[in-house]
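Now for the letters of each chain:
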Amino acid sequence: MSAVLDHPHGHDDHHDHHAPVGWRRWVFATNHKDIGTLYLLFSFTMLMVGGVLALLIRTELFQPGLQLVNPELFNQLTTMHGIIMVFGAIMPGFVGFANWMIPLQIGASDMAFARMNNFSFWLLIPAGLMVVSSFFMPGGAPAAGWTLYAPLTLQMGPSMDVGIFALHIMGASSIMGSINIIVTILNMRAPA
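Below or above, wherever it landed, is the structure these notes cover.

### A closer look at the packing of aromatic side chains
A ring pair, where both rings are aromatic, is described by two values, the distance of the centres and the angle of the planes.
Right, so step 1: Overall, the coordinates contain 4 aromatic pairs when judged by the stated rule.
Right, so step 2: Ring geometry for W23 versus F28: centroids 6.3 Å apart, planes at 45°, classification tilted.
Right, so step 3: Given a relative accessible area of 54%, W23 falls into the exposed group.
Right, so step 4: When the centroid spacing of 4.9 Å and the interplanar angle of 75° are considered together, the rings of F121 and W122 count as edge-to-face.
Right, so step 5: On the accessibility criterion, F121 (3% relative accessible area) is buried.
Right, so step 6: Following the ring pairs from residue to residue traces out a cluster consisting of Y39, F42, F121 and W122.

As structure tokens, this is what we get:
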């Protein structure tokens, strides 16, 4: 009966949902779908950057001999392609899909730690910028292979330090995302 009565004081007149709108929706997002979308957009961007590096590598390998880049730049392209694709495209892509799908699959309203989820995404932006900016540092980008083993890492300039620091930041982001996923699955499942 209350559904058909006209309420003159109407509680639905004020829209006090406290949900951010515009650019604030994306910067201060705590919704798992918004954060998952941000992760997937970042992953796609890094996929494009890593893809351009792969195209440069394949262009150089198209014929024997040197055509496009010198051997030092080729090693830098190979190293940065591996780092960007593994730590910038694949890992954030998995976390993005997990953010989107896991709460929907287990019947949870959101991820367990929504603010940590947001923070773990926003750690990726400066780390990705640092990785890409290492091309413009003295001595060029790291050229030690994407595993960054010790003999070659000791021969690099400041770009190696920036690359290692960026990988630590990306690793911290990945660890926070995985903790969030595990806690969400274990603690927020719908009752059977």
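### Looking at the environment of L129
Right, so step 1: By the secondary structure assignment, L129 is in helix α4 (residues 114–133).
Right, so step 2: Judged by relative accessible area, L129 falls into the exposed class, the value being 59%.
Right, so step 3: Placed 23 residues apart in sequence, L129 and I106 show a C-alpha to C-alpha distance of 35 Å.

### Observations concerning empty space enclosed by the protein
Right, so step 1: On inspection of all chains with the given rule, the structure shows 1 cavity of 30 Å³ or more.
Right, so step 2: One number sums up the size of the largest cavity: a volume of about 50 Å³.
Right, so step 3: The wall of the largest cavity is formed by Y39, F87, M91, P92, V95, L124, M170, S173 and S174.
Right, so step 4: Those elements that provide at least two residues to the lining of the largest cavity are α3 (71–106) and α6 (158–187).
Right, so step 5: Counting residues per element, the lining of the largest cavity draws most heavily on α3, at 4 residues.

### What to know about the packing of helix α2 (residues 32–60) against α3
Right, so step 1: In contact at an axis separation of 7 Å, α2 and α3 are set at 155° when each is read in the N-to-C sense. Considering the angle they form, α2 stands roughly antiparallel to α3. For the element pair α2 and α3, the recorded crossing hand is left-handed.
Right, so step 2: A per-class count over the contact of α2 with α3 returns 23 nonpolar, 12 polar and 2 charged.

### Here's the deal with the nonpolar core
Right, so step 1: Grouped together as the largest cluster of nonpolar side chains are 32 residues, with contacts concentrated most on F121, V131 and M170.
Right, so step 2: Listing elements by their share of this core, those giving two or more residues are α2, α3, α4 and α6.
Right, so step 3: Apart from the residues within four sequence positions on either side, F121 is in contact with I35, L38, Y39, F42 and S173.
Right, so step 4: Ranked by size, the runner-up nonpolar core spans 6 residues in total, among them I102, I106, A108 and I181.

### Side note on a nonpolar patch on the surface
Right, so step 1: On the surface, W23, V27 and F28 cluster together to form a nonpolar patch covering roughly 320 Å² of accessible area.
Right, so step 2: Topologically, V27 is positioned in helix α1 (residues 23–27).
Right, so step 3: The partly exposed category is assigned to V27, whose relative accessible area is 30%.

### Digging into the pattern of salt bridges
Right, so step 1: On inspection of all chains with the given rule, the structure shows 1 salt bridge.
Right, so step 2: The shortest N-O distance in the salt bridge between R25 and D34 comes to 2.8 Å.
Right, so step 3: Classification of R25 as partly exposed rests on a relative accessible area of 36%.

Cut-offs used in this document
- Residues numbered from 1 in each chain as written.
- Predicted model: local features only at pLDDT ≥ 70, side-chain atom pairs only at ≥ 80, totals over all residues.
- Heavy atoms only, no water.
- Phe/Tyr/Trp six-rings, centres within 6.5 Å; stacked < 30°, edge-to-face > 60°.
- Buried < 20%, exposed > 50% of the residue type's maximum accessible area, 1.4 Å probe, protein only.
- Helix = DSSP H or I, 4+ residues; strand = E, 2+ residues; numbered from the N terminus.
- 1 Å grid on protein atoms, 1.4 Å probe; cavity = no way out; pocket = protein on both sides within 12 Å on 5 of 7 lines; lining within 4 Å.
- Points joined across faces, edges and corners; volume = space filled by probe spheres on them.
- Axes fitted to C-alpha atoms, helices over the stretch in contact; angles between N-to-C directions.
- Parallel < 35°, antiparallel > 145°, perpendicular 65-115°, else oblique.
- Left-handed = near helix turned anticlockwise from the far one by under 90°.
- Nonpolar A, V, L, I, M, F, W, Y, C, P; charged D, E, K, R; others polar.
- Core = buried A, V, L, I, M, F, W, Y, C linked by side-chain atoms within 4.5 Å.
- Contact = heavy atoms within 4.5 Å.
- Patch = residues over 30% accessible without salt bridge, like charges linked within 9 Å, V, L, I, M, F, W, Y side chains within 5 Å.
- Areas by Shrake-Rupley, 256 points an atom, 1.4 Å probe, with all protein chains shown as cover.
- Salt bridge = Lys/Arg side-chain N within 4 Å of Asp/Glu carboxyl O.

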